[in-house]
Amino acid sequence: MSLLNDKIGLITGGSSGIGLAIAKRFAAEGARVLISGRRADAIEEAIRQIGDRASGFVGDVADPVFHGLVADEIAERFGGLDIYVANAGINTIRHSSEVSEAEYDAQFGINARGAFFGVQKTAPILRDGGAIVLTGSLASEKVLDGHAVYAGAKAAINAFARSWALEFKDRRIRVNVLSPGPTDTAILDKLGVPPEQRSSFAEAMAAAIPLGRMGQADELANAALFLASDASSFVTGINLRVDGGMALL
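Peer 1: So, the overall build of the protein chain: which residues are in play, and what are the values?
Peer 2: Of the regular secondary structure elements, the protein chain holds eight helices and seven strands. A globule of 249 residues ought to have a C-alpha radius of gyration of about 18 Å, and the protein chain, at 17 Å, matches this closely. The dimensions of the protein chain, computed from C-alpha atoms along their principal axes, are 45 × 40 × 40 Å. Looking at the protein chain as a whole, 50% of its 249 residues qualify as buried. Considering only intrachain contacts with a sequence separation of at least 6, the fraction spanning at least 24 residues in the protein chain is 70%. Here the protein chain displays about 11700 Å² of accessible surface, and carbon together with sulfur accounts for 53% of that area. Both charge centroids of the protein chain, one from 24 positive and one from 29 negative side chains, sit 4 Å from each other.

Peer 1: Requested: an account of the pairing of strand β6 (residues 174–180), with residues and values cited.
Peer 2: Of all seven residues in β6, seven are buried, a share of seventy percent or more. Both faces of β6 are covered, namely the face carrying Arg 174, Asn 176, Leu 178 and Pro 180 and the face carrying Val 175, Val 177 and Ser 179. When strand β5 (residues 126–135) meets β6, the two strands line up parallel, connected through five bridges. Looking across to β6, one finds that Ala 131 is bridged to Arg 174. Here β6 runs beside strand β7 (residues 239–242); their pairing, made up of four bridges, is parallel. The residue of β7 that forms the bridge with Leu 178 is Leu 240.

Peer 1: A description of the nonpolar core should follow, citing residues and the corresponding values.
Peer 2: The tendency in soluble globular proteins is for nonpolar side chains to be buried as a group. Ranked by internal contacts, the top residues of the largest apolar core, which has 34 residues, are Ile 74, Leu 81, Ile 132, Leu 134, Phe 168 and Val 175. At the level of elements, β1 (8–12), α3 (64–78), β4 (81–86), α4 (101–122), β5, α5 (148–167) and β6 are the ones that each hand at least two residues to this core. Per element, the largest residue contribution to this core is seven residues, and it comes from α5. In contact with Ile 132, other than residues within four places in its own chain, are Tyr 84, Val 119, Leu 126, Phe 168, Ile 173, Arg 174, Val 175 and Asn 176. Ile 18, Ile 35, Ile 43 and Ala 221 belong to the second-largest nonpolar core, a separate cluster that totals 28 residues.

Peer 1: An account of the packing of helix α1 (residues 17–28) against helix α2 (residues 40–50) is requested, with residue identities and associated values reported.
Peer 2: Between α1 and α2, whose axes approach to 10 Å, the crossing angle comes to 35°. The two elements α1 and α2 cross, and the hand of that crossing is right-handed. Between α1 and α2, the residues in contact are Leu 20, Ala 23, Lys 24 and Ala 27 and Ala 46, Gln 49 and Ile 50, respectively. Residues that form the contact of α1 with α2 fall into these classes: five nonpolar, one polar and one charged.

Peer 1: Account for the pattern of salt bridges, naming residues and giving values.
Peer 2: Under the criterion given, the structure shown has ten salt bridges. In this structure, Arg 77 engages Glu 73 in a salt bridge whose closest nitrogen and oxygen atoms are separated by 3.3 Å. With Arg 77 and Glu 73 both in helix α3 and four residues apart, the pair spans about one turn of that helix. Here Asp 82 ties to Arg 127 by a salt bridge, and the two come within 3.1 Å at their closest N and O atoms. Of the two residues, Asp 82 is situated in strand β4 and Arg 127 in strand β5; the sequence distance between them amounts to 45 residues. Overall, the relative accessible area of 12% leaves Asp 82 in the buried class.

Peer 1: A description of the sheet that holds strand β2 (residues 32–37) should follow, citing residues and the corresponding values.
Peer 2: In space, the seven strands of this open sheet follow the order β3-β2-β1-β4-β5-β6-β7, with parallel pairing throughout. At either margin of the open sheet sits one strand with a lone partner, and together these are β3 (54–58) and β7. Going from strand to strand, the sheet's axes swing by 20° on average, the running direction of each strand aside. Looking at chain direction, β4 and β5 are connected through five bridges and run parallel.

Calculation rules
Residues numbered from 1 in each chain as written. Predicted model: local features only at pLDDT ≥ 70, side-chain atom pairs only at ≥ 80, totals over all residues. Heavy atoms only, no water. Helix = DSSP H or I, 4+ residues; strand = E, 2+ residues; numbered from the N terminus. Rg over C-alpha atoms; globule rule 2.2 N^0.38 Å. Buried < 20%, exposed > 50% of the residue type's maximum accessible area, 1.4 Å probe, protein only. Contact = heavy atoms within 4.5 Å. Areas by Shrake-Rupley, 256 points an atom, 1.4 Å probe, with all protein chains shown as cover. Lys, Arg positive; Asp, Glu negative; His and termini not counted. Charge placed at Lys NZ, Arg CZ, Asp CG, Glu CD. Pairing = 2+ DSSP bridges. Core = buried A, V, L, I, M, F, W, Y, C linked by side-chain atoms within 4.5 Å. Axes fitted to C-alpha atoms, helices over the stretch in contact; angles between N-to-C directions. Left-handed = near helix turned anticlockwise from the far one by under 90°. Nonpolar A, V, L, I, M, F, W, Y, C, P; charged D, E, K, R; others polar. Salt bridge = Lys/Arg side-chain N within 4 Å of Asp/Glu carboxyl O.

Below, the structure written as structure tokens:
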């Protein structure tokens, strides 16, 4: 039996990388998958890859109005939501002395504000017994060069999850954090790693990870499936590190 049979799941940032892998995994387990992203062309391509159980919304997760509109449409079309994955995020690697106000605001706007208001606007349509999964980061616990702002925004995610796990307990809604370590996705290109350096970058990362390699998006998707499904029915308020043990070093 599929783990998410007939469930309705919404994944922000679901058009690429870890978010897309989660969306595909959820659909494969029987869920009706809804994704959001900033680019219509990326949403369309993601839907093509996920299949006919997917649909999408284009908008800015830093805007609470967008979350409200999405929640209203989901309520009208499906009557409610079972799983909410706040996955959308950005990272600009920069020494603190070089961070601009615009870069700071963008990272906190998408990574923290987006998750907070996404949950606030979505909670009323989330069915009792549902699940919220927040994508955190290894950076919230381990100091990484140039990650001060990103780490701060992701640390907020951990704090949100602990509060929400108690706030939603009477509705039996579980809230957990999924914290990836270095993962081999297209975000490496956005971080400025050119294709010809991907191999050497991966080797350098592997040397810093106890399991000796970078993670794969499908491995993060499997962990998200665990947190979103009844397989984790007695789990709430945790930070699940999927980092190959990197946080231990």
